[in-house]
Amino acid sequence: MDEREKKLKVLCRIARALNEEGVLWALGGSLLLYFKGRTGDFHDIDIMAGETDIETVKRRLCALGELLPKKPNPGYKTRHFLEFIIDGVEVDVMAGFVIVKDGKDYDCSLLPEQVAEHISLEGEDIPLQSLGDWRRYYELMGRPEKAALAE
């Protein structure tokens, strides 16, 4: 099994765990770009979650892997940012995602209507955020190369 297949297997395990709980979640970041055919690879799994579901997400993902210590970043005021290692794969979870740009806070929290579509992977339902949302997020983060991929 190659590295990409390994990451996608982990994604399926996560999807099963979160879907069993009825959690509001969606993929974002480079894995979203990968599924939309905008890039041929992805580094990690970025999961956006509803704030009211964060404790459930934490509990379920802790059962699958290791929760890493917090590493604050002044460019974000995200209310819940969790980093996990699951079967050697880095998984980032954001709930209450807030990007700071030019001294202003931009609330980019996941809302139910931002789940743009669903795909199926190995029989698991995978919700995706829209490329438009992620183009905006990448622009706010000062990542024009990623924003261009989300065009």
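Just above, that's the structure.
Values in this document were obtained by computation on a predicted structure and should not be read as measured data. (Residues numbered from 1 in each chain as written. Predicted model: local features only at pLDDT ≥ 70, side-chain atom pairs only at ≥ 80, totals over all residues. Heavy atoms only, no water.)

Undergrad: What's the story with the packing of helix α1 (residues 3-20) against helix α3 (residues 54-64) in this structure? I'm lost.
TA: The relative placement of two packed helices is expressed as an angle between their axes plus a distance between the axes. It is at 10 Å that the axes of α1 and α3 come closest, and there the two elements cross at 145°. Note on packing geometry: the crossing formed by α1 with α3 is right-handed. When α1 is examined against α3, the residues R13, I14, A17, L18 and E20 are found in contact with a partner set consisting of V57, R60, L61 and L64. (Axes fitted to C-alpha atoms, helices over the stretch in contact; angles between N-to-C directions. Helix = DSSP H or I, 4+ residues; strand = E, 2+ residues; numbered from the N terminus. Left-handed = near helix turned anticlockwise from the far one by under 90°. Contact = heavy atoms within 4.5 Å.)

Undergrad: Quick question: what am I supposed to make of the nonpolar core here?
TA: In globular proteins that are soluble, nonpolar side chains generally tend to be buried together. Residues I14, I45, V91 and V93 are the most contacted members of the largest nonpolar core, which totals 48 residues. Among the elements that make up this core, the one with the highest residue count is α1 (eight residues). Those residues in contact with I14 that sit more than four places away from it in its chain are I45, I47, L61, L64, I86 and V91. (Core = buried A, V, L, I, M, F, W, Y, C linked by side-chain atoms within 4.5 Å. Buried < 20%, exposed > 50% of the residue type's maximum accessible area, 1.4 Å probe, protein only.)

Undergrad: Whenever I open this one, the pairing of strand β7 (residues 104-107) confuses me. Can you help?
TA: Here strand β6 (residues 98-101) runs beside β7; their pairing, made up of four bridges, is antiparallel. Note that in β7 the partner of I99 across the bridge is Y106. Hairpin connection between β6 and β7: a loop of two residues separates the two successive antiparallel strands, and D102 in this loop has a positive phi of roughly 50°. (Pairing = 2+ DSSP bridges.)

Undergrad: What's the story with unusual backbone geometry in this structure? I'm lost.
TA: Backbone phi values are negative for most residues with the exception of glycine, while trans is the configuration of most peptide bonds. The residue D87 is not glycine, and still its phi comes out positive at about 50°. Tracing the backbone through its elements, the reader meets D87 in the loop between β4 (80-86) and β5 (89-95). Relative accessible area serves as the criterion here: at 44%, D87 is assigned to the partly exposed category. Phi at D102 is positive, roughly 50°, even though this residue is not glycine. Mapped onto the secondary structure, D102 falls in the loop between β6 and β7.

Undergrad: Looking at this structure, I do not really get the environment of K101. What am I missing?
TA: With respect to the element layout, K101 can be found in strand β6. Taking the relative accessible area as the measure of exposure, K101 reaches 30% and is therefore partly exposed. Every residue in contact with K101, bar those within four places of it in the chain, is listed here: Y106, E139 and L140.

Undergrad: Explanation requested: the packing of aromatic side chains in the structure shown.
TA: Ring pairs (aromatic) are described by centroid distance and by the angle formed between their planes. A full pass over the atoms with the stated rule returns six aromatic pairs. Chaining the aromatic ring pairs together yields one cluster made of F97, W134, Y137 and Y138. Cation over ring: K7 sits above F42, and NZ or CZ is 5.2 Å from the ring centre. (Phe/Tyr/Trp six-rings, centres within 6.5 Å; stacked < 30°, edge-to-face > 60°. Lys NZ or Arg CZ within 6 Å of the ring centre and 35° of its normal.)

Undergrad: Could you clarify how one ought to interpret the pattern of salt bridges in this entry?
TA: With the rule as written, the count across this model stands at 14 salt bridges. E20 is paired through a salt bridge with R60; the nearest N and O atoms lie 2.8 Å apart. Residue E20 is found in helix α1, and its partner R60 is found in helix α3; the two are separated by 40 residues along the sequence. The exposed category is assigned to E20, whose relative accessible area is 55%. In this structure, E139 engages R135 in a salt bridge whose closest nitrogen and oxygen atoms are separated by 3.9 Å. On the criterion of helical spacing, the pair formed by E139 and R135 is a turn pair, its members being four residues apart in helix α4 (residues 131-140). Overall, the relative accessible area of 43% leaves E139 in the partly exposed class. (Salt bridge = Lys/Arg side-chain N within 4 Å of Asp/Glu carboxyl O.)

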